[in-house]
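Structure assessment
In case you want the letters, here they are:
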Amino acid sequence: MNTRISAPLPEGFSWDIGERRRTLVCNGVPILEIGPEREGWMAKILISGKGVRQEQIAVRSLDAGAGWATRWMLERQAALIRVVAEQAPLAS
């Protein structure tokens, strides 16, 4: 199986790549996961906030899901960074 992600991700974003699952991470926080669901594949958005909502999107394969997720992230990059920062626990 090809696990190469062709497009470089912006600073702060990375992929956690497993055998049958990929997780898109922003500043250490998982924001989207692609994995098997019944007979197909599902991309699940794991966070929500202004400009980002939790939802599930069917994708045709793990690689296709990673491509979709990368495009999705690039369109919402600023909102994702903001939502992740808002979810971080406040220092006492």
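What counts as what
- Residues numbered from 1 in each chain as written.
- Predicted model: local features only at pLDDT ≥ 70, side-chain atom pairs only at ≥ 80, totals over all residues.
- Heavy atoms only, no water.
- Helix = DSSP H or I, 4+ residues; strand = E, 2+ residues; numbered from the N terminus.
- Buried < 20%, exposed > 50% of the residue type's maximum accessible area, 1.4 Å probe, protein only.
- Salt bridge = Lys/Arg side-chain N within 4 Å of Asp/Glu carboxyl O.

This paragraph deals with unusual backbone geometry. Of note, the phi angle at Asn27 is positive, near 50 degrees, even though the residue is not glycine. Even without being a glycine, Arg38 presents a positive backbone phi close to 55 degrees. Within the secondary structure, Arg38 is located in the loop between strand 3 (29-37) and strand 4 (40-45). Overall, Arg38 belongs to the exposed group, its relative accessible area being 82%.

To continue, consider the pattern of salt bridges. Summed over all chains, the structure comprises five salt bridges. With a shortest N-O distance of 3.3 Å, Glu33 and Arg21 are connected by a salt bridge. Here Glu33 is found in strand 3, whereas its partner Arg21 is found in the loop between strand 1 (13-17) and strand 2 (22-26), with 12 residues between them in sequence. The exposure class assigned to Glu33 is partly exposed, which follows from its relative accessible area of 22%. By relative accessible area, which is 35% here, Arg21 ends up partly exposed. Notably, a salt bridge pairs Lys44 with Glu37, separated by 3.3 Å at the nearest N-O pair.

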